[in-house]
Amino acid sequence: MAAQINPSILSADFARLADEAKAVEGADWLHVDVMDNHFVPNLTLGVPVVESLARATGTPLDCHLMIENPDRWAPQYVEAGASSVTFHVEAAAAPVRLAREIRAKGARASMALKPATPIEPYEDLLPELDMLLIMTVEPGFGGQAFLDIMLPKIRRTRELITKHGLELWLQVDGGVSASTIERCAEAGADVFVAGSAVYGAEDPAQAVRALRAQAETATAKASWACDH
Ligand code: DX5
Ligand code: ZN
């Protein structure tokens, strides 16, 4: 699969979301960070904004729920128009049931791990998912520094995906930029969220293209991608 770039609208101007979505036309997905001020110490947006944004843009929405009780709320984001919904495993009461419900409603089901959450206990759950998100910062804010110590987890997750022959996308989120995206791709990520690196750029659409080119070059050289 070609490298995918998902600009995070957390770094966009919330008063001009439709224009900000247009500014990154050509991106694979729009990454929408939903925060409830409980699971993370920050508050962003909810179902009504996702509903409006889904109507305002042709780019599919990748909703990253940093909220408590995703078992209750995640299905509503599918109904609001999200094409992919990510819940945090640390917050989910029944991750398998929730992933199945998201898929049954017609969206891609994705599960996120905070930096201190290991992948190994979830190996058997991976076939239930369409994407696994490895946080490369503590969730809650844009513009934080990339955590290099997450690279081994990305590598081990890629090995599990290969071992089980899964069609699972591996997303990284947090501090992804021109100076870190190659390390992520080399380690095994294939979906890259970038907030400040895209919306902080003078030309966000060009920043998306440049990040994609960097990721694809790094992937082409990576051993995990050459194996098959
Ligand atoms: C952080 C969010 C990220 C954030 C990334 O908790 O999940 O999606 O927008 O922002 P950058 O790319 O600036 O680190
Ligand atoms: Zn996010």
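Residues numbered from 1 in each chain as written. Chains lettered and ligands numbered in written order. Predicted model: local features only at pLDDT ≥ 70, side-chain atom pairs only at ≥ 80, totals over all residues. Heavy atoms only, no water.

Trainee: Could you give an account of the coordination of the zinc ion (ligand 2), with specific residues and numbers?
Mentor: Bound to the zinc ion (ligand 2) are the protein donor atoms His-31 (NE2), Asp-33 (OD), His-64 (ND1) and Asp-173 (OD), situated 2.1 to 2.3 Å from the metal. Classification of the site at the zinc ion (ligand 2) as octahedral follows from its 6 donor atoms and the range of 72 to 172 degrees in their angles at the metal. When the donors of the zinc ion (ligand 2) are listed by position in the chain, the intervening gaps give H-x1-D-x30-H-x108-D. In this pair, His-31 sits in strand 2 (residues 30-35) while Asp-173 sits in strand 7 (residues 169-173), placing the two residues 142 residues apart along the sequence. Classification of Asp-173 by relative accessible area gives buried; the value is 8%. (Donors = N, O, S within 2.8 Å, 3.2 Å for Na, K, Ca; no water. Tetrahedral: all angles 85-135°; square planar, octahedral: opposite > 155°, others 65-115°. Helix = DSSP H or I, 4+ residues; strand = E, 2+ residues; numbered from the N terminus. Buried < 20%, exposed > 50% of the residue type's maximum accessible area, 1.4 Å probe, protein only.)

Trainee: A description of the site of ligand 1 should follow, citing residues and the corresponding values.
Mentor: Ser-8, Gly-140, Asp-173, Gly-195 and Ser-196 are the nearest of the 20 residues found near ligand 1. Note that an oxygen atom of ligand 1 is positioned 2.8 Å from one of the backbone N or O atoms of Gly-195. Contact with the protein chains covers 100% of the free accessible surface of ligand 1, which is 380 Å². The element contributing the most residues to the shell around ligand 1 is strand 2, with 3 residues. A breakdown of the residues in the shell around ligand 1 according to their chemical character gives 8 nonpolar, 10 polar and 2 charged. (Near = heavy atom within 4 Å. Polar contact = N/O pair within 3.5 Å; in protein donor to acceptor, adjacent residues only side chain to side chain. Areas by Shrake-Rupley, 256 points an atom, 1.4 Å probe, with all protein chains shown as cover. Nonpolar A, V, L, I, M, F, W, Y, C, P; charged D, E, K, R; others polar.)

Trainee: I'd like to hear about the sheet that holds strand 4 (residues 84-88), residue by residue, with values.
Mentor: The 8 strands lie next to each other as 1-8-7-6-5-4-3-2, forming an open sheet whose pairing is parallel. Looking at which strands have only one partner, the edges of the open sheet turn out to be strand 1 (4-7) and strand 2. Adjacent strand axes in the sheet meet at a mean angle of 25 degrees, parallel and antiparallel pairs treated alike. Lying over the sheet, helix 2 (residues 47-56) contacts strand 2 and strand 3 (61-66), oriented at roughly 165 degrees with respect to strand 3. Here helix 5 (residues 151-164) sits on the sheet and contacts strand 5 (108-113), strand 6 (131-135) and strand 7; the angle it forms with strand 7, its principal contact strand, is near 170 degrees. (Pairing = 2+ DSSP bridges. Axes fitted to C-alpha atoms, helices over the stretch in contact; angles between N-to-C directions. Contact = heavy atoms within 4.5 Å.)

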